[in-house]
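Here are the chains, one letter per residue:
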Amino acid sequence: MSRTVRILPEDRWNQELVANVHPPGWENPTPSGRYNLVVIGAGSGGLVAAMGAAGLGAKVALIERHLLGGDCLNYGCVPSKSLIRSARAIGELRRAKQLGVVVAEGSVRGDFAAVMERVRRVRAAISHHDSAERFQRAGVDVYLGTGRFVAPDMVEVDGQRLRFSRAVIATGTRPRRPEVPGLEEAGYLTNETVFSLTGLPSRLAVFGGGPIGCELAQAFQRLGAQVVLFHRHGRLLNREDSEAAELVQRALEREGVRLLLTAQPVRVEKTAEGKRIDYTLGARVGRIVVDEILVAVGRRPNVEELNLEAARVCYDLERGVHVNDFLQTTNRRVYAVGDVCMRERFTHAADVAARIVLQNALFPGPKRRLSRVLIPHAIYTDPELAQVGLTEDRAQEEGIPVDVYRVPLEDLDRAQTDGESEGVLKVVLKRGHRSNPRGDAGGPSRWGPDCRGHRSHLSRDRPGEAFAGRSSLSNAERDLSKGGGRLQPSASDAAAPAMARSLVPMDPLISS
Ligand SMILES: Cc1cc2nc3c(=O)[nH]c(=O)nc-3n(C[C@H](O)[C@H](O)[C@H](O)COP(=O)(O)OP(=O)(O)OC[C@H]3O[C@@H](n4cnc5c(N)ncnc54)[C@H](O)[C@@H]3O)c2cc1C
C-alpha cells in the first residue's frame, strides 16, 4: 500500500488534490505478464504516454512516486499561472487610470490568503483530469512508488517487478539547490513549497532571474511583497531576445522589484530580524534582510534513483537521459520524454514528445523525429514574451548573419486603443534568404509551411496565450500551418504578422 502524502496546508482543496493524484490507501495492482509499455513518472509526458498507449489497446503500467500530474499540475504551470492571474488583475487595476477609470489611490491590493486559496481550489479542480482513478478506469495499471530498473527489460516498484517490451522514462526535474553557505540552515522556498504559503512574506528575495524567477518576482511584488531579485547575469531572462527581455526588466523595475544583477549571494543566516543575505556585486559587498527566500536557479534532471546502469541507459547529471532524435535511449527498448531529457522544458514539449514516442515505440514502420517539431515557448510576465526559434542574439553569438524585421506594437491601431502598445514583433531571417533553412540547434525551426524563420514577440497582449502555454504542440503546429487559428486570437495579434508580412520581402509569414 502506498504511503500517505501530505500537501500543506491540509485544507479541503489539498485533500481533494491528494485524493485524486496520490489517493491514500491506494493498492498497487499485481503485475501479470509482460507490459507493452511501462512509464516511469506521471507528469505531463508520462500521463500522455500512458493514456495514449492505453487508448491504443496496449497493456500499460504507470509508476509515480509522488503526485500524478507532476510539476505542471502541482508545482508549476497550474499554480503559478493561477497566482499570476490574480497578480495581473492588480496590475490592470493599477493601470486603469490611463484608461480614465478611477481607482482610489492605494485601494488596490491583493488578499494573499484568498489568492492562495484560489490557487489551491483551481489546482484541485484540474486534478480530476490527472487522477489515479481516471487512469485506472482508462485501463492503465497505476503503481504508486519509486520506479527503478533492475534489468534492461524490467522495472521494480514497491517490491514488485514489471517486465516490459518498451519503457518510457518521464521523471522530470527538481529545483537546483544553490550552494550558498547557511542557506540550507536558514531555510528557503522552491517551486515545490512556495504554493503552500498562506501568508505573504513582506520581504522576499528571489534567487534567479530566469522565467520562473521573473514570473514569481513580479507576481509577489504586485501582491504586496517587497521583492529583491538576485541574478548572476547582467540582465534578466538572459537566454531570451535581449530587446524583449529588457522590456520585462523595465516593467519589473517600474513596479518596484529591486534588481541585483551580477550579484552573488555568498552567505545566508537566520537572525531575529529575518534571513540575512550577504552578497557580492562586482567589487562591492552588500547585505539585506528578508523574511523568505525563493530559489529559482535552474533544474536538475531526476535520474539518480532510476538505477539506469541496470538498464544500460546513458545519462549525465546535468542534461539527464541521453536520447537520439527518435527519443530512444542507449537501450533500444527504453525511450525518454520531457524535462528529464529535453532542452525545451515545457509542458507542451513533454506532451508532443510523448506522442512521438507512442508512434516510435508501439508501431512498426517510419519513425517520428523530435527535430521536425516546432517548439515555441512563452514567459508569463506582464508584458508576456513568446518566442520560437533562434533569437537575434544567439544568431550573433553563432556568427550567423541575419536580417531583423521589427513591428513595434505602437504602430498597431488595436494596441493603441487598448493602451497596450509597449512591445514588438520581431522576425529574424538568415541574411539574404526569404526563408531560413537552418533551425535552432535543437532542430529545424519552422513558422508556417512556406517560411522557415525565427520570431520573437513581446507585448501586454498575452502573446503567450496565442501559441504556447498548456496547449498541445501538435495543435499549435496544426494551427500554425492552417494559418493562425488559435495562434492569433486577438485583433492586435492578428494584425502584427500582417504588418510584418508587408515589411519582409518573403513568402507570407503565416499562410492562409
Ligand atoms: C514554477 C514553474 C512554472 C512553469 N510554468 C510553465 C508554463 O507556464 N508553461 C509550460 O509549458 N511549462 C511550464 N513549466 C514547466 C513544466 O512544468 C514542465 O516542463 C513539465 O511539467 C515537464 O513534464 P515532465 O513530464 O517531463 O516532468 P514532470 O512534470 O516533472 O513529472 C515527472 C514526474 O516523475 C515523477 N518521478 C520522478 N522520479 C521518479 C521515479 N524514480 N519513480 C516514479 N516517479 C518518479 C515525479 O514525482 C513527477 O511527478 C513550469 C515549471 C515550473 C517549475
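Starting from 1, residues in each chain are numbered consecutively following that chain's sequence as written. In keeping with the model being predicted, local features are shown solely for residues with a pLDDT of at least 70 and side-chain atom pairs are shown and tallied solely at 80 or more, while totals for entire chains, interfaces and linings include all residues.

As for the overall build of the protein chain
What counts here: A run of H or I in DSSP becomes a helix once it reaches four residues, and a run of E becomes a strand once it reaches two; helices and strands are each numbered from the N terminus. Field definition: a residue is buried when 20 or more other C-beta atoms are found within 10 Å of its C-beta, exposed when 12 or fewer are, and partly exposed for counts in between, with C-beta atoms placed from the backbone. Our contact criterion uses C-beta atoms placed from the backbone: two residues qualify when those atoms are within 7 Å.
When helices and strands are tallied, the protein chain shows 16 helices and 23 strands. Buried positions account for 49% of the 512 residues belonging to the protein chain. Intrachain contacts of the protein chain at a sequence separation of at least 6 include 70% that bridge at least 24 residues.

What to know about the packing of helix α4 (residues 77-95) against helix α5 (residues 112-126)
The cut-off we apply is this: For helices, the fitted axis covers only the stretch in contact; all axes are lines through C-alpha atoms, and the angles between them, taken along N-to-C directions, range from 0 to 180 degrees. Roughly parallel means an angle under 35 degrees; roughly antiparallel, over 145; roughly perpendicular, 65 to 115; everything else is oblique. If you view the pair so one helix is near and one far, a crossing is left-handed when the near helix is turned anticlockwise from the far one by less than a right angle, and right-handed when it is turned clockwise. Residue classes follow a fixed rule: Ala, Val, Leu, Ile, Met, Phe, Trp, Tyr, Cys and Pro count as nonpolar, while Asp, Glu, Lys and Arg count as charged, and any other residue, Gly among them, counts as polar.
Where α4 contacts α5, the two axes come as close as 9 Å, and the packing angle between them is 140°. For the element pair α4 / α5, the angle class is oblique. The way α4 lies across α5 gives a crossing that is right-handed. Facing Val78, Pro79, Ser82, Leu83 and Ser86 of α4, the residues of α5 in contact are Val115, Arg118, Val119, Val122, Arg123 and Ile126. Considered class by class, the residues forming the contact of α4 with α5 number seven nonpolar, two polar and two charged.

What to know about the site of the ligand
Worth spelling out the cut-off: Each residue receives a C-beta atom built from its backbone; the residue is near a molecule or strand if that atom lies within 6 Å of it.
Of all residues adjacent to the ligand, which total 41 residues, the nearest are Gly41, Gly43, Gly70, Gly172 and Gly338. Contributions of two or more residues to the shell around the ligand are made by α2 (44-55), β2 (60-64), α3 (70-74), α4 and α11 (347-362). Of the residues in the shell around the ligand, the class split is 14 nonpolar, 20 polar and seven charged.

Quick look at unusual backbone geometry
In terms of backbone geometry, most residues other than glycine have negative phi values and most peptide bonds are trans. With omega at -10°, the peptide bond leading from Leu8 into Pro9 counts as cis. One can find Pro9 in the segment before α1 (12-21). Backbone geometry places Leu237, a non-glycine residue, at a positive phi of 45°. When the 23 C-beta atoms within 10 Å are taken as the criterion, Leu237 is described as buried.

Brief notes about helix α9 (residues 242-254)
The line we're drawing: In this analysis, the expected span of each helix is defined as 1.5 Å times one less than the number of residues it contains.
With 13 residues, α9 should cover 18 Å at 1.5 Å per step; its first-to-last C-alpha distance of 18 Å lies within 8% of that length. Turning to α9, its buried residues number three or more, namely Ala244, Ala245, Leu247, Val248, Gln249 and Leu252. Of the residues trailing α9, Gly256 is marked for its positive phi of about 105°.

Regarding the sheet that holds strand β10 (residues 258-261)
Rules: For two strands to be treated as a pair, DSSP must find at least two bridges joining them.
If you walk across this open sheet you meet the four strands as β10-β9-β8-β14, and the pairing is parallel. Single-partner strands in this sheet number two, and they are β10 and β14 (292-295). Mean inter-strand twist for the sheet, computed between neighbouring axes without regard to direction, equals 20°. In this sheet, β14 lies alongside strand β8 (residues 203-207) in parallel orientation, the contact comprising four bridges. Bridging from a neighbouring strand, Phe207 pairs with Val295 of β14. The sheet contacts of helix α8 (residues 211-222) involve β8, β9 (226-231) and β14, and relative to β9 the element is tilted by about 165°.

Quick look at the environment of Val321
Examined against the element boundaries, Val321 turns out to sit in strand β17 (residues 320-321). For the pair Val321 and Cys341, spaced 20 residues apart in sequence, the C-alpha separation works out to 4.9 Å.

Section: the nonpolar core
A general tendency of soluble globular proteins is for nonpolar side chains to be buried together. Applied cut-off: By convention the nonpolar core is taken to be a set of buried residues drawn from Ala, Val, Leu, Ile, Met, Phe, Trp, Tyr and Cys and joined through C-beta atoms within 7 Å.
Counting residues in hydrophobic clusters, the biggest one holds 71 residues, and the most contacted among them are Val39 and Val337. Considering every element that reaches this core, the biggest residue donor is α11, with nine residues. Other than its neighbours up to four places away in sequence, Val39 contacts Gly46, Ala49, Ala50, Val60, Ala61, Leu62, Ile63, Val168 and Ala170. Grouped together as the second largest cluster of nonpolar side chains are 55 residues, Val115, Leu216, Val227 and Leu247 included.

Thoughts on α5
Given a rise of 1.5 Å per residue, 15 residues ought to cover 21 Å, and the 21 Å separating the end C-alpha atoms of α5 matches this to within 8%. Here α5 has its buried residues at Val115, Met116, Val119, Arg120, Arg123 and Ala124. Buried residues along α5 sit against α1, α3 and α4.

What to know about the sheet that holds strand β13 (residues 284-290)
Reading across from one edge, β11-β12-β13 is the order of the three strands in this open sheet, with antiparallel pairing throughout. The open sheet has two edge strands with one neighbour each: β11 (263-271) and β13. Here the average twist between neighbouring strands, direction ignored, is 20°. With seven bridges joining them, strand β12 (residues 274-281) and β13 adopt antiparallel strand pairing. Within β13, the residue paired with Arg276 across the bridge is Val289.

As for the environment of Val357
Looking at the element boundaries, Val357 is found in helix α11. Val357 sits in the buried class, given 30 other C-beta atoms within 10 Å. When near neighbours in sequence (up to four residues on either side) are disregarded, Val357 contacts Ala49, Val168, Leu327, Tyr335 and Val337.

Section: the pairing of strand β5 (residues 154-157)
Remember that side chains alternate between the two faces of the sheet whenever the strand is regular. Residues of β5 alternate between two faces, with Val155 and Val157 buried on one and Met154 and Glu156 left unburied on the opposite face. In terms of strand pairing, strand β4 (residues 147-151) meets β5 through four bridges, oriented antiparallel. Within the sheet, the bridge partner assigned to Arg148 lies in β5 and is Glu156. Pairing of β5 with strand β6 (residues 160-169) involves four bridges; the strand directions are antiparallel. Each bridged residue has a counterpart across the sheet, and for Glu156 the counterpart in β6 is Arg161.

A look at the confidence of the model for the protein chain
Inclusion rule: Scored from 0 to 100, pLDDT reflects the predictor's confidence in each residue.
When pLDDT is averaged along the protein chain, the result is 87, and 84% of the positions lie at 70 or above. Segment residues 436-495 is flagged for pLDDT under 50; beyond a separation of four residues in sequence, or across chains, it makes 169 contacts in the model. Segment residues 505-512 is flagged for pLDDT under 50; beyond a separation of four residues in sequence, or across chains, it makes 27 contacts in the model.

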